[in-house]
Amino acid sequence: KAGVTQTPRYLIKTRGQQVTLSCSPISGHRSVSWYQQTPGQGLQFLFEYFSETQRNKGNFPGRFSGRQFSNSRSEMNVSTLELGDSALYLCASSPGQQPNTEAFFGQGTRLTVV
Amino acid sequence: GQSLEQPSEVTAVEGAIVQINCTYQTSGFYGLSWYQQHDGGAPTFLSYNALDGLEETGRFSSFLSRSDSYGYLLLQELQMKDSASYFCAVRDQDGGFKTIFGAGTRLFVKA
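Residues numbered from 1 in each chain as written. Chains lettered and ligands numbered in written order. Predicted model: local features only at pLDDT ≥ 70, side-chain atom pairs only at ≥ 80, totals over all residues. Heavy atoms only, no water.

Trainee: Outline the overall build of chain A, supporting the account with residue identities and numerical values.
Mentor: The helix and strand tally for chain A stands at 0 helices and 11 strands. Ordered by position from the N terminus, the helices and strands of chain A form the series β-β-β-β-β-β-β-β-β-β-β. A compact globule built from 114 residues should have a C-alpha radius of gyration of about 13 Å, and chain A, at 13 Å, falls within 12% of that. Taking the principal axes of its C-alpha atoms as reference, chain A extends roughly 40 × 30 × 25 Å. (Helix = DSSP H or I, 4+ residues; strand = E, 2+ residues; numbered from the N terminus. Rg over C-alpha atoms; globule rule 2.2 N^0.38 Å.)

Trainee: Any chance you could break down empty space enclosed by the protein for me, citing the residues and the numbers?
Mentor: All told, the structure shown has 1 cavity of 30 Å³ or more when counted by the stated rule. Here the largest cavity defines a volume of roughly 210 Å³. Together, 22 residues line the largest cavity, and A:Thr101, A:Ala103, B:Tyr35, B:Arg91 and B:Thr99 are the ones closest to its centre. Of all the secondary structure elements, the ones that give two or more residues to the lining of the largest cavity are strand S4 (31-38) and strand S9 (87-94) of chain A together with strand S4 (32-37), strand S9 (84-92) and strand S10 (98-101) of chain B. For the lining of the largest cavity, a count of residues per class yields 10 nonpolar, 10 polar and 2 charged. (1 Å grid on protein atoms, 1.4 Å probe; cavity = no way out; pocket = protein on both sides within 12 Å on 5 of 7 lines; lining within 4 Å. Points joined across faces, edges and corners; volume = space filled by probe spheres on them. Nonpolar A, V, L, I, M, F, W, Y, C, P; charged D, E, K, R; others polar.)

Trainee: Would you mind going over the packing of aromatic side chains in detail, with residue names and values included?
Mentor: On inspection of all chains with the given rule, the structure shows 13 aromatic pairs over all chains. Consider the rings of A:Tyr35 and A:Phe105, whose centres lie 6.0 Å apart with planes at 45°: the pair is tilted. Taken together, the positions of A:Tyr35 in strand S4 and A:Phe105 in strand S10 (residues 104-105) put the pair 70 residues apart, joining distant regions of the chain. Per residue, the accessibility class of A:Tyr35 equals that of A:Phe105, and both read buried. Each residue in the set A:Tyr35, A:Phe45, A:Phe105, B:Tyr35, B:Phe45 and B:Phe101 is aromatic and connected to the rest through ring pairs, giving one cluster. (Phe/Tyr/Trp six-rings, centres within 6.5 Å; stacked < 30°, edge-to-face > 60°. Buried < 20%, exposed > 50% of the residue type's maximum accessible area, 1.4 Å probe, protein only.)

Trainee: So, the side chain of B:Gln37: which residues are in play, and what are the values?
Mentor: Within the secondary structure, B:Gln37 is located in strand S4. At a separation of 2.8 Å, a polar atom in the side chain of B:Gln37 contacts the side chain of A:Gln37. Here the side chain of B:Gln37 touches B:Gly41 through a polar contact of 3.0 Å, landing on its backbone oxygen. Excluding residues that lie within four positions of it along the chain, B:Gln37 makes contacts with A:Gln37, A:Leu90, B:Ala42, B:Pro43, B:Ala84, B:Ser85 and B:Phe87. (Polar contact = N/O pair within 3.5 Å; in protein donor to acceptor, adjacent residues only side chain to side chain. Contact = heavy atoms within 4.5 Å.)

Trainee: Kindly report on the interface of chain B and chain A, identifying the contributing residues and their values.
Mentor: How big an interface is tends to be stated in terms of accessible area lost as the parts join. Counting residues at the interface gives 21 residues for chain B and 19 residues for chain A. Carbon and sulfur atoms supply 54% of the area buried between chain B and chain A, which totals about 1,700 Å² over both sides. On the surface where chain B and chain A come into contact, there are 1 salt bridge. Taken together, the connections running from chain B to chain A amount to 4 residue pairs in polar contact (both at pLDDT 80 or more). Those elements giving two or more residues to the side of chain B that touches chain A turn out to be S4, strand S5 (44-49), S9 and S10 of chain B. Per element, the largest residue contribution to the side of chain B that touches chain A is 4 residues, and it comes from S10(B). Its residues assigned to classes, the side of chain B that touches chain A comprises 11 nonpolar, 7 polar and 3 charged. (Buried area = accessible area lost by both parts, 1.4 Å probe. Salt bridge = Lys/Arg side-chain N within 4 Å of Asp/Glu carboxyl O.)

As structure tokens, this is what we get:
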């Protein structure tokens, strides 16, 4: 069974540009969550999607958006990039919303804004 | 709001036992999980506690006290490969389901 796939793995963008990151969850998983990870800040919650519906959104500006498709694949978009957006963006998938469900993480997309 | 507190760093000797504490504050609580992340790697699930008490999985155990909003991860017979970051996470339902992570505890295992 393939794991969670995030593309691209690495990305360099210029301030003011926009970026789209992709996440393909494990087959059969309907829940996808996105996190931003920076040194010393842990994993900051961005969004959670379940069956194409955004279930919750973290405390990030409106420049951060996302969506989930009918095949459970998810994308997140960051517009008008700022230097502070440089981070590792992690996607996690799980079968559903049950709290005891293990979340499986992808390797992440390392975004550098210059 | 939601917040989780855990120590930033812990150092222990190979073969020893180490405990990583986590205190949390959430609007709704649906369980405490622990994840391990090696440098350059993805977080991987270690354990989950929904009810008070101790859950044991091999060398790792996790404890929860809901009345104290407190939990810990216990690592026994430490090995060098246990050097990693450990995150506690709570499943919350404030405005919809979400899993919130702590800032992580960096564990250094010395020979």
